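Chain by chain, the residues:
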Amino acid sequence: MGPLDGVRVVEIAGIGPGPFCAMLLADMGAEVVRVDRPETAGGAGWPALMSRGRRSVVVDLKHERGAEVVLRLVEHADALLEGFRPGVAERLGIGPDDCLARNPRLVYGRMTGWGQDGPLRHAAGHDIAYIALAGALHPIGEPGGAPVPPLNLLGDFGGGGMLLAFGIACGLLEARRSGQGQVVDAAIVDGAALLTTSIHEMVTLGLWEERRGANLLDGGAPYYGVYETADGEHVAVGALEPKFYGEPAGGRVPHPDPGRVDRRVRGQRRLRRAGPWTERGEGPSAQPRPGHLHARRRVAAARPRATVQPHRARTARSATSAGAAHRRGALLQRLRRRGDRLPPRHRRHRLGPAHASRTLAVASSHRSSTSMNRENASRCRL
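Please read all numbers here as calculations on a predicted model, not as lab measurements.

Conventions used here
Residues numbered from 1 in each chain as written. Predicted model: local features only at pLDDT ≥ 70, side-chain atom pairs only at ≥ 80, totals over all residues. Heavy atoms only, no water. Helix = DSSP H or I, 4+ residues; strand = E, 2+ residues; numbered from the N terminus. Buried < 20%, exposed > 50% of the residue type's maximum accessible area, 1.4 Å probe, protein only. Contact = heavy atoms within 4.5 Å. Areas by Shrake-Rupley, 256 points an atom, 1.4 Å probe, with all protein chains shown as cover. Pairing = 2+ DSSP bridges. Salt bridge = Lys/Arg side-chain N within 4 Å of Asp/Glu carboxyl O. Axes fitted to C-alpha atoms, helices over the stretch in contact; angles between N-to-C directions. Parallel < 35°, antiparallel > 145°, perpendicular 65-115°, else oblique. Left-handed = near helix turned anticlockwise from the far one by under 90°. Lys, Arg positive; Asp, Glu negative; His and termini not counted. Expected span 1.5 Å × (residues − 1). Bend = angle between axes of the 7 residues up to and from the residue. Patch = residues over 30% accessible without salt bridge, like charges linked within 9 Å, V, L, I, M, F, W, Y side chains within 5 Å.

**With respect to the overall build of the chain**
Within the chain, the secondary structure is distributed over twelve helices and eleven strands. Counting all 382 residues of the chain, 39% fall into the buried class. The contacts in the chain between residues at least 6 apart in sequence include a share of 62% that link residues at least 24 apart. Of the roughly 21700 Å² of accessible surface on the chain, a fraction of 55% belongs to carbon and sulfur atoms.

See the structure below:
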């Protein structure tokens, strides 16, 4: 159960931000059915982390009856999301006009890199190109060096998949209020630019320089950055407030003027070995690494066969339910320390049921238990 319980979503299978968006919706309780292409169904050898919590059907969208299968799913759905380049969904017969004609309340989510219009709309692209054009790549990196790609977290997932999930949630609220669906156009280049709003604000106020490594949050300040430790590890230090700045040195170092940052502080000496910092991570100045107990409890969750993935996003709970959860957690911790066997209902993985994806061949004679495609699963293979 979750805030999106009862919401039904059709996901046209893709890569990167699209599956991430569908994962977020499924984590919040939505019933998501992914439409896979025959050549990619099953995903053999690929860990099914972003595919968790949803079923799938296999449909050849290039077949003359492929579009009709998707449109039958759409008739009973609240939202659809696709990640084709502009014009492809329309050519396949599952564009916004086709889908909204079948279901006027549908929220049609579109995930693209460059957007549905503009000179680059039909160009190929990847995360690094989108965030470069958006101005989000330039500020990241060492002074005097080239910008450093922040993996594909900033564009694909932060400015792409998460923005699309937010747009779909807003569209669902509007559809329930007005009874009218709409098209949500989420472009990674737009979302990445949106994430730089606070930097633009600081530039306007004269608090941010164009050059890298000269600002408060880009490593230019000695009290906000990454330090090498004596044992060859690294520790992230965030001590923006003066009262926390002296903590790594026993409180003996005064907080410098943010407007007169001297990066030479970095080279004067190494911090102590990382072990105690990793174990404690106490206070804003000694930030823990991913292996810290807090990270293991709140961020990374071990799955069977040693696969690790982040926990799903958490939703607000009432004070009563939160207190009950705290008491249950304390009890489980005591049982684990004593080596007692856990009650059966506590043995399953914290994320809930194991990956629920089940490929449903459209040619299969059985019927899916999912209400969304109960009438569409038993069709000839397309």
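**Regarding the pairing of strand 8 (residues 234-238)**
As paired elements, strand 7 (residues 224-228) and strand 8 share five bridges and run antiparallel to each other. Across the sheet, Y227 pairs through a bridge with V235, a residue of strand 8.

**Some points on the pattern of salt bridges**
When their charged atoms lie close together, side chains carrying opposite charge are able to pair. Using the criterion set out here, one finds eleven salt bridges in the structure. One salt bridge connects E39 with R37, and the closest N-O pair in it is separated by 3.3 Å. Its relative accessible area of 61% is what places E39 among the exposed residues. On the basis of relative accessible area, R37 is assigned to the partly exposed category, the value being 37%. A salt bridge links R102 to E68; the shortest N-O distance between them is 2.7 Å. With R102 in helix 4 (residues 96-102) and E68 in helix 2 (residues 66-74), the pair connects residues that are 34 residues apart, well separated along the chain. Owing to a relative accessible area of 31%, R102 belongs among the partly exposed residues under this scheme. Here the residues in one salt-bridge network are E68, R72, E75 and R102, joined through shared partners.

**Notes on the packing of helix 1 (residues 17-27) against helix 6 (residues 153-178)**
For the pair helix 1 and helix 6, interaxial distance at closest approach is 8 Å and the crossing angle is 45 degrees. It follows that helix 1 is oblique to helix 6 by the angle criterion. Seen from above, helix 1 lies across helix 6 with right-handed handedness. Residue-level inspection shows P17, F20, C21, L24 and L25 of helix 1 in contact with helix 6, the latter providing D156, F157, G160, G161, M162, L164, A165 and I168.

**Focus: the environment of G225**
Among the structural elements, G225 can be located in strand 7. A relative accessible area of 15% means that G225 is categorised as buried. Along the backbone, G225 and A239 are 14 residues apart, and their C-alpha atoms lie at a distance of 9.2 Å.

**Some remarks on the side chain of R34**
Among the secondary structure elements, R34 is positioned in strand 2 (residues 31-36). Overall, the relative accessible area of 9% leaves R34 in the buried class.

**Re the environment of A89**
Here A89 is to be found in helix 3 (residues 88-92). Considered as a pair, A89 and R110 are 21 residues apart in the sequence and their alpha carbons are 9.7 Å apart. Not counting the four nearest positions on each side in its chain, A89 is found in contact with E82, F84, I94, G95, Y108 and R110.

**Comments concerning the side chain of D156**
Mapping D156 onto the fold places it in helix 6. We note that D156 is buried and unpaired, the nearest opposite charge coming from R85 at a distance of 13 Å. Beyond its immediate stretch of four places on either side in the chain, D156 contacts P17, D127, G161 and I188.

**Details of helix 6**
A rise of 1.5 Å per residue sets the reference length of helix 6, with its 26 residues, at 38 Å; its end C-alpha atoms lie 35 Å apart and thus fit the reference within 8%. Of all the bends found along helix 6, the most pronounced is centred on L163 and spans about 25 degrees. Positive phi appears at G179, one or two residues downstream of helix 6, with a value of about 80 degrees.

**Regarding a nonpolar patch on the surface**
Together, L216, L217, Y224 and L240 give the surface a local cluster of nonpolar side chains, amounting to about 300 Å² of exposed area. Examined against the element boundaries, L216 turns out to sit in the loop between helix 8 (197-204) and strand 7.

**Things to note about unusual backbone geometry**
Excluding glycine, most residues fall at negative phi; most peptide bonds, likewise, are trans. Despite not being glycine, L151 has its phi angle at roughly 55 degrees, a positive value. Among the structural elements, L151 can be located in the loop between helix 5 (127-134) and helix 6.

**With respect to the environment of R37**
Position of R37 among the secondary structure elements: in the loop between strand 2 and strand 3 (55-58). Between the C-alpha atom of R37 and that of V57, which follows or precedes it by 20 residues, the distance is 8.6 Å. Apart from the residues within four sequence positions on either side, R37 is in contact with A13, V58 and V59.

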